[in-house]
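Secondary and tertiary structure notes
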Amino acid sequence: MKIYCYLFLLPILCLLTSCNKDEGFGGSSSLEGYVYKLRYWEKDPSVIVDTVPAIDVRVRLTFGNNLKDYQGDDLRTDGNGLYRFDFLRSGDYIVSAYSEDITGQEVRNYVVSKVSGSLSMADTIFITTPVKRGIATIRGYVEAHYYDKGRKVAEGPAMGERVYLQRKGALTAFDDVRIGDQGVFEFTNIIPGEYEVWVVTEDPNTEMMSAVKKEIKVEDGELYEFEEDFVIIITV
């Protein structure tokens, strides 16, 4: 009789033992880690303005390592960007936090962590958020010399031509504006950094195009103007 009793209880005991080995609450382990926020410029996402602790950001804990099957808990980071989940059993967990892209949509960032022992540290999660605008202005003047068959026929403001702005050393421009009727252009809402400003010119004989480029350094929210004008050639 005792043998039959043991045989009946054995599957139940195995099931309970198996359940206790799964990830989740009911253990004596803790998992903690940090979330940092990378703030990038809205006009150029490749430009990281600064990196700061992600304060009061919601962090989600997923039991196991399957992103689709959510079962877990969530909490918020403290003033140092730190979070801590307690009373966990050993196993694999996913920790997630959410970034914001330039359209305002949330993007999931996560790390997979293995919990064992009394305290485990997760890899740092980096989330991103856009800096909407700077407060500096870059201004300049572009003068056009007009040529016809290699001969200069007129000069004046380069009205309607495009001026391009890019970070120093970057391969492409991230913004451009049209020159006004007085030959003046402005780039507004600029954050601190080093920039290259350029406009297209032509060779009066071959009509081959090239760039007239100037560098400028922005340090705060003031108005930055070029000391010398841009001079370009336009063939007619």
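Residues numbered from 1 in each chain as written. Predicted model: local features only at pLDDT ≥ 70, side-chain atom pairs only at ≥ 80, totals over all residues. Heavy atoms only, no water.

**A few points about the layout of surface pockets**
- There is about 220 Å³ of room inside the largest pocket.
- For the largest pocket, the full set of lining residues is K37, V57, R58, Y98, S99, E100, G104, E106, I127, T128 and T129.
- The set of elements that each furnish at least two residues to the lining of the largest pocket consists of β6 (91-100) and β9 (125-131).
- Residue classes in the lining of the largest pocket are distributed as 3 nonpolar, 4 polar and 4 charged. (1 Å grid on protein atoms, 1.4 Å probe; cavity = no way out; pocket = protein on both sides within 12 Å on 5 of 7 lines; lining within 4 Å. Points joined across faces, edges and corners; volume = space filled by probe spheres on them. Helix = DSSP H or I, 4+ residues; strand = E, 2+ residues; numbered from the N terminus. Nonpolar A, V, L, I, M, F, W, Y, C, P; charged D, E, K, R; others polar.)

**Quick word on the nonpolar core**
- I138, F185, Y195 and V197 are the most contacted members of the largest nonpolar core, which has 27 residues in total.
- Breaking this core down by element, the ones donating at least two residues are β10 (136-148), β12 (162-167), β14 (184-190), β15 (193-202), β16 (209-218) and β18 (230-235).
- Dropping the residues within four chain positions of it, I138 is found in contact with L165, F185, E186, F187, I190, Y195, V197, I216, V218, Y224 and F226.
- Core analysis: the second largest hydrophobic core is formed by 18 residues, L88, A97, V111 and I125 among them. (Core = buried A, V, L, I, M, F, W, Y, C linked by side-chain atoms within 4.5 Å. Buried < 20%, exposed > 50% of the residue type's maximum accessible area, 1.4 Å probe, protein only. Contact = heavy atoms within 4.5 Å.)

**Describing the sheet that holds strand β7 (residues 106-115)**
- Here we have 4 strands laid out as an open sheet, ordered β4-β3-β6-β7, and antiparallel in their pairing. Each edge of the open sheet carries a strand with a single partner, namely β4 (72-76) and β7. Across the sheet, the mean angle separating the axes of adjacent strands is 25 degrees when strand polarity is ignored.
- Across 5 bridges, strand β3 (residues 58-63) lies against β4 in antiparallel orientation. Within the sheet, the bridge partner assigned to L61 lies in β4 and is D73. (Pairing = 2+ DSSP bridges. Axes fitted to C-alpha atoms, helices over the stretch in contact; angles between N-to-C directions.)

**Describing the environment of I94**
- Structurally, I94 can be placed in strand β6.
- Among the residues examined, I94 registers a relative accessible area of 1% and is labelled buried.
- Linking I94 and V112, residues 18 residues apart in sequence, is a C-alpha distance of 4.5 Å.
- Apart from the residues within four sequence positions on either side, I94 is in contact with R60, L61, T62, G64, N65, N66, L67, R108, Y110, V111 and V112.

**With respect to the sheet that holds β12**
- Read from one edge to the other, the open sheet built from 4 strands follows the order β13-β12-β15-β16, with strand pairing classed as antiparallel. The sheet is open, and its two edges are formed by β13 (175-178) and β16, each paired on a single side. Strand-to-strand twist in this sheet, taken as the mean axis angle between neighbours without regard to direction, amounts to 25 degrees.
- Sheet analysis places β12 next to β15, joined by 5 bridges and oriented antiparallel. Looking at β15, one finds that L165 is bridged to V197.

**Considerations on the pattern of salt bridges**
- Evaluation of the coordinates by the stated rule reveals 14 salt bridges.
- The residue R139 makes a salt bridge to E186 at a minimum N-O spacing of 2.5 Å. With a gap of 47 residues between them, R139 in strand β10 and E186 in strand β14 connect regions that are remote in the sequence.
- Judged by its relative accessible area of 27%, R139 falls in the partly exposed class.
- One salt bridge connects E215 with K168, and the closest N-O pair in it is separated by 3.4 Å. With E215 in strand β16 and K168 in the loop between β12 and β13, this pair connects stretches of sequence that are 47 residues apart.
- By relative accessible area, which is 49% here, E215 ends up partly exposed.
- Taken together, the salt bridges that share partners define one network made up of E32, R84 and D86. (Salt bridge = Lys/Arg side-chain N within 4 Å of Asp/Glu carboxyl O.)

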